[in-house]
Structure formats: C-alpha cells, structure tokens
Amino acid sequence: MSTQQATIVHVSIERPVARVYEIARNPKIMPQWATGLASGLIDKGDHFLVKAPFGTATLRFAPPNSFGILDHWVTVDGGATTYNSMRVVANGTGTEVMFTLLRTPDMTDEDYARDVAWVHDDLTRLKTLIESSV
C-alpha cells in the first residue's frame, strides 16, 4: 500500500456556508470558475458530459448533502477516472472551501505545481464570483 502526495488548496469566502455550497455545487455555474470544466456541460441525468481543455469527459457529483461535500469524479475519454475531494466548511460567519489535490505517479514536480496553482486560481475565481454576487 502506498499513498500519494496531497495538497489541500483552500480559500476563505466572506459569505455564509449555505450560499457558498449552493453556488459551488451548481453545474451550470461551474464553467464560470472551474476552468478545467470550461464549457459545454450537457446534463445527462445522473452525470454531465463536459468539454474540457484535456478533451471530453464525464462529470459525476456526490449527491446534495448537508455536510458540505462537493466531491466529484471526472472520467476522461479512454476511461481514466479522477476522484476529486472538495469541501465547504463554515468558518465564523464565512466559509472555507477546500480541494484536496492528489499527485498521480506519472506527474512531474512541474505538473503537480501547475495543477496546485490551477486549482488555487479556480477557487479564487469562485471566491470572486460569490463575493461579488448578492
């Protein structure tokens, strides 16, 4: 058994946790902040088809819940599935959004650093989107 390197990327958002969860889990809003899912979400009932920078993929979400769990699975053409752990947690009157990025065995140091920065940029876009909305 072995574990992978993990980095928890997070941002604080000055809005109530319920509002952050509502916006962050809305697949129709995701393309506004999640650049890896940049366009073309097509609702297929229990999953979405998405056009991403790396090709076409299938996107499945954890069911709506009261725990702030926004986990999702991305399956790319060819069948490889990536599990993404994401949480929304109350932090005082605001919210902490956390994404756990796992390093895959084939990633170089540069690849991993790029992905950490990418996730941070996406979460920063989410913060801006939510804090600028009413």
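In this text the structure is predicted, and so the values were computed from the model without any measurement.

Asks: Explanation requested: the packing of helix H1 (residues 17-24) against helix H2 (residues 109-132) in the structure shown.
Replies: A packed helix pair is summarised by two numbers, namely the angle formed by the two axes and the spacing between the axes. Direction vectors running N to C along H1 and H2 enclose 120 degrees, while the axes themselves pass 11 Å from each other. Between H1 and H2 lies a crossing whose hand is right-handed. Contact with H1, carried on its side by Val20, Ile23 and Ala24, involves Leu126, Leu129 and Ile130 of H2 and no other residues of that element. Classifying every residue of the contact of H1 with H2 gives 6 nonpolar, no polar and no charged.

Asks: Looking at this structure, how should I read the packing of aromatic side chains?
Replies: One pass over the structure, following the stated rule, counts 2 aromatic pairs. A ring pair is formed by Phe48 and Phe61, whose centres lie 6.0 Å apart and whose planes are at 80 degrees; its orientation type is edge-to-face. With Phe48 in strand E3 (residues 48-52) and Phe61 in strand E4 (residues 55-61), the pair connects residues that are 13 residues apart, well separated along the chain. Since its relative accessible area comes to 11%, Phe48 is described here as buried. Judged by centre distance (5.4 Å) and plane angle (40 degrees), the rings of Trp73 and Tyr83 are tilted. With Trp73 in strand E5 (residues 72-76) and Tyr83 in strand E6 (residues 81-91), the pair connects residues that are 10 residues apart, well separated along the chain.

Asks: Would you mind going over H1 with me for this structure?
Replies: In an α-helix, one turn spans 3.6 residues, which is why side chains three or four residues apart end up on the same side. All buried positions along H1 are accounted for by Val20, Tyr21, Ile23 and Ala24. Residues of H1 that are buried sit in contact with strand E1 (6-13), E6, strand E7 (94-102) and H2.

Asks: Would you mind showing me how to read the nonpolar core here?
Replies: If you look at soluble globular proteins, the nonpolar side chains tend to sit buried side by side. In this structure, Ile13, Trp33, Met86, Val97, Leu123 and Leu126 are the most contacted members of the largest nonpolar core, which totals 28 residues. Elements supplying a minimum of two residues to this core: E1, H1, E3, E4, E6, E7 and H2. The element best represented in this core is H2, accounting for 5 residues. Not counting residues within four places of it along the chain, the set of residues in contact with Trp33 comprises Ala24, Met86, Asp122, Leu123, Arg125, Leu126 and Leu129.

Asks: Mind showing me how you'd approach H2 here?
Replies: Taking 1.5 Å per residue as the helical rise, H2 with its 24 residues ought to reach 34 Å, and the 35 Å between its terminal C-alpha atoms agrees with that figure. Buried residues of H2: Tyr112, Asp115, Val119, Asp122, Leu123, Leu126 and Ile130, and no others. Against E1, H1, E6 and E7 lie the buried residues of H2.

Asks: Just checking my understanding: could you explain the pattern of salt bridges for this structure?
Replies: Pairs can form between side chains of opposite charge whenever their charged atoms are close. In this structure the tally under the stated criterion is 7 salt bridges. Residue Asp71 pairs with Arg87 through a salt bridge whose shortest N-O separation is 2.2 Å. Here Asp71, found in the loop between E4 and E5, pairs with Arg87, found in strand E6; they are 16 residues apart in sequence, far enough to count as distant. The exposure class assigned to Asp71 is buried, which follows from its relative accessible area of 5%.

What counts as what
Residues numbered from 1 in each chain as written. Predicted model: local features only at pLDDT ≥ 70, side-chain atom pairs only at ≥ 80, totals over all residues. Heavy atoms only, no water. Axes fitted to C-alpha atoms, helices over the stretch in contact; angles between N-to-C directions. Helix = DSSP H or I, 4+ residues; strand = E, 2+ residues; numbered from the N terminus. Left-handed = near helix turned anticlockwise from the far one by under 90°. Contact = heavy atoms within 4.5 Å. Nonpolar A, V, L, I, M, F, W, Y, C, P; charged D, E, K, R; others polar. Phe/Tyr/Trp six-rings, centres within 6.5 Å; stacked < 30°, edge-to-face > 60°. Buried < 20%, exposed > 50% of the residue type's maximum accessible area, 1.4 Å probe, protein only. Core = buried A, V, L, I, M, F, W, Y, C linked by side-chain atoms within 4.5 Å. Expected span 1.5 Å × (residues − 1). Salt bridge = Lys/Arg side-chain N within 4 Å of Asp/Glu carboxyl O.

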